[in-house]
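The residues making up each chain are set out below.
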Amino acid sequence: MITEQASTTTLPAGFIVRPAQMSDIETAVALFNAASIAQSGRAEFPIEDIRGEWETEDFHLDTATRVVVSPLGELVGYVEVWDTHSLPVSPWVWGRVHPQFEGLGIGTFLLEWAEVRCREVFPRVPAEALVTMRAGAISTHEPSQALLAGYGMVPTRSFYTMKIELPTEPAAAVFPANIHIITLPNRDDLRAVMNAATDAFRDHWGFVPSPEEDELRHWQQWIGRDHLFDPSLWFLAMAGDEVAGVSLCRSSSSEDPAMGWVNTLGVRRPWRRNGLALALLQHSFAELYRRGRRSVGLGVDASSLTGATRLYEKAGMFIARQFINYEKVLRPGIDLRTQTLHE
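Residues numbered from 1 in each chain as written. Predicted model: local features only at pLDDT ≥ 70, side-chain atom pairs only at ≥ 80, totals over all residues. Heavy atoms only, no water.

Describe the pairing of strand β9 (residues 242-250), listing the residues and the values that go with them.
Along β9, eight of the nine residues are buried, which leaves the element largely enclosed by surrounding structure. Of the pairings in the sheet, the one linking strand β8 (residues 234-239) to β9 comprises six bridges and is antiparallel in character. Bridging across to β9, L236 finds its partner in V246. Hairpin connection from β8 to β9: two residues lie between these consecutive antiparallel strands, with G240 at a positive phi of about 70°. With six bridges connecting them, β9 and strand β10 (residues 260-267) associate as antiparallel partners. Across the sheet, residue S247 finds its bridge partner in β10, namely L265. (Buried < 20%, exposed > 50% of the residue type's maximum accessible area, 1.4 Å probe, protein only. Helix = DSSP H or I, 4+ residues; strand = E, 2+ residues; numbered from the N terminus. Pairing = 2+ DSSP bridges.)

Before we move on, could you go through the confidence of the model for the protein chain and cite the residues and values that matter?
Mean pLDDT for the protein chain: 94, with 97% of residues reaching 70 or above. Low pLDDT (under 50) marks residues 1-5, which in the prediction has eleven contacts with non-local residues, meaning those over four places away or in another chain. (pLDDT = per-residue confidence, 0-100. Contact = heavy atoms within 4.5 Å.)

Quick one: what's the story with the pattern of salt bridges, residue by residue and with numbers?
Throughout the structure, instances matching the rule amount to 26 salt bridges. Close ionic contact of D203 with R269 constitutes a salt bridge, the shortest N to O distance being 2.7 Å. Of this pair, D203 sits in the loop between α6 (191-201) and α7 (212-225) while R269 sits in the loop between β10 and α8 (276-290), and the two are 66 residues apart along the sequence. With a relative accessible area of 7%, D203 lands in the buried category. A relative accessible area of 36% means that R269 is categorised as partly exposed. Here the salt bridges share partners, and the residues they tie into one network are D83, R117, E120 and R124. (Salt bridge = Lys/Arg side-chain N within 4 Å of Asp/Glu carboxyl O.)

An account of the pairing of strand β6 (residues 154-165) is needed here, citing residue identities and associated values.
Moving residue by residue along a regular strand, the side chains alternate between the two faces of the sheet. In terms of strand pairing, β6 meets strand β12 (residues 318-331) through nine bridges, oriented antiparallel. Note that in β12 the partner of Y160 across the bridge is Q322. Alignment of β6 against strand β11 (residues 295-301), held across seven bridges, turns out to be antiparallel. For M162, the partnering residue across the bridge sits in β11 and is L298.

Could you give an account of α8, naming the residues involved and the relevant values?
Here α8 spans 21 Å end to end across 15 residues, near enough to the 21 Å set by a 1.5 Å rise per residue. The buried fraction of α8 amounts to eleven of the 15 residues, a majority that puts the element mostly inside the structure. Here α8 has its buried residues at L276, L278, A279, L280, L281, S284, F285, A286, E287, L288 and Y289. Trailing α8 by a residue or two, G292 shows a phi angle of about 95°, which is positive. (Expected span 1.5 Å × (residues − 1).)

Which residues make up α6, and what values go with them?
Every buried residue of α6 is accounted for by V193, M194, A196, A197, T198 and A200. The secondary structure elements touched by the buried residues of α6 are α7, β8, β9 and β10.

Could you give me a rundown of the packing of α6 against α7, with the residues and numbers involved?
In contact at an axis separation of 10 Å, α6 and α7 are set at 110° when each is read in the N-to-C sense. One way to sum up the angle between α6 and α7 is to call them roughly perpendicular. Seen from α6, the contacting residues are R191, V193, M194, N195, A197 and T198; seen from α7, they are E212, E213, E215, L216 and W219. Split by residue class, the contact of α6 with α7 holds five nonpolar, two polar and four charged. (Axes fitted to C-alpha atoms, helices over the stretch in contact; angles between N-to-C directions. Parallel < 35°, antiparallel > 145°, perpendicular 65-115°, else oblique. Nonpolar A, V, L, I, M, F, W, Y, C, P; charged D, E, K, R; others polar.)

Set out below in structure tokens:
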């Protein structure tokens, strides 16, 4: 059981901390967007996306979140811990403090609470496993970086948002011989596409395997809570009856409703190095263009083990934003996450 006394940092007089409640969602989203505007100049948090996250089956507001409320009843701080993976060796911490209330110790207070919460995963992972607490910051926002570094978190990796502008209709993609494209045939049958994506992402830094049924349940929750889920934007590259690669797209990005988004792009090992990934990406660009999108984005590991950044640059994409991944070791041990590409 986590208590609010776990933090050694004191909140300003009259401020209180409590779990978030669904009734907080509008004020919470207002807080997130105030912070987003201060950090990047844009409101990037649609209420529908936040509601979908808060309603995730394995995410419980009472145990996974805390909010800080001012003496006037304003919601001025928020933090959440995601440890829903079946092997939660690196729980993700995400939080925001309202720009008008920075510098009062609220961010540090929430990080201290989150660390205690993250340590609760210890019994759920092998005793010899490394456990880290992860968080991130936009590379251009120095206060966030200073907060995380001051808390003892270390930058370990960078991730990019990459983007392409589409002023004219993209050329048609050319697929390798014996490959044909279909869209998700049945939204209730995700196993084949899930297994293909999981297989492709085994070679990505930070990958941790899950039991198949656990992973399937998470995928079902993912599409169930996404109000923009569209099976006609899930492109499957088929080699006969096998899924060789996937490009799972969304009509809009959370950070920019006018920009299409490639959620997941992956090709399984036997079909790599023959142009399939590039063709899938170009096919996605063309379809999103036909649906009125004049830019498309995606997220990628800046040091991708599979060379994804080079692929995206070849496709005409550029780096639009950099995020820095910070980690704090909570328990030393063997790192169970994928670290290198094994040929």
